[in-house]
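Notes for the structure review
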Amino acid sequence: MNNSKIIGAVLILISLGLGYLGYTKIADSSASVNVLGVKIDASNESGKQEGYLFVGLAVVLFAGGIYTINKTKN
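Right, let's walk through the structure included here. (Residues numbered from 1 in each chain as written. Predicted model: local features only at pLDDT ≥ 70, side-chain atom pairs only at ≥ 80, totals over all residues. Heavy atoms only, no water.)

Points about the pattern of salt bridges
Inspection of every chain in the model, using the stated rule, returns 1 salt bridge. Across the pair E50 and K25 runs a salt bridge, and its minimum N-O distance is 3.4 Å. In this pair, E50 sits in helix 2 (residues 45–71) while K25 sits in helix 1 (residues 3–28), placing the two residues 25 residues apart along the sequence. For E50, a relative accessible area of 35% puts it in the partly exposed group. (Salt bridge = Lys/Arg side-chain N within 4 Å of Asp/Glu carboxyl O. Helix = DSSP H or I, 4+ residues; strand = E, 2+ residues; numbered from the N terminus. Buried < 20%, exposed > 50% of the residue type's maximum accessible area, 1.4 Å probe, protein only.)

A closer look at a nonpolar patch on the surface
Together, V33, V35, L36, V38 and I40 give the surface a local cluster of nonpolar side chains, amounting to about 500 Å² of exposed area. For the nonpolar patch, the secondary structure elements donating two or more residues are strand 1 (30–35) and strand 2 (38–43). Tracing the backbone shows V35 in strand 1. For V35, a relative accessible area of 39% puts it in the partly exposed group. (Patch = residues over 30% accessible without salt bridge, like charges linked within 9 Å, V, L, I, M, F, W, Y side chains within 5 Å. Areas by Shrake-Rupley, 256 points an atom, 1.4 Å probe, with all protein chains shown as cover.)

A closer look at the environment of S4
Turning to its location among the elements, S4 is positioned in helix 1. Note on S4: relative accessible area 26%, which makes it partly exposed. S4 sits 64 residues away from T68 along the chain, and the two C-alpha atoms are 6.3 Å apart.

Re the packing of helix 1 against helix 2
Where helix 1 contacts helix 2, the axes come no closer than 7 Å and their chain directions differ by 160°. With respect to each other, helix 1 and helix 2 are oriented roughly antiparallel. Relative to helix 2, the crossing made by helix 1 is left-handed. Looking at the contact of helix 1 with helix 2 residue by residue, the classes come out as 17 nonpolar, 10 polar and 4 charged. (Axes fitted to C-alpha atoms, helices over the stretch in contact; angles between N-to-C directions. Parallel < 35°, antiparallel > 145°, perpendicular 65-115°, else oblique. Left-handed = near helix turned anticlockwise from the far one by under 90°. Nonpolar A, V, L, I, M, F, W, Y, C, P; charged D, E, K, R; others polar.)

Purely geometric stuff here, so don't read any function into it on its own.
Shown next, in the form of structure tokens:
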């Protein structure tokens, strides 16, 4: 197995972990409570920003991993 394929696989695994972490940060950053028929929404904007940053970084790492694996086939 080529070193480039190993690096590409590691990049893809890291991207999956970061994507999951980002998704959970985005999901945990907003909450709503229904009290006596009144819906109260709360949102953590900095947590959402951090989650979107993780998801974006995961997409870049995933693309880099795919590119690295495909580049070694030639």
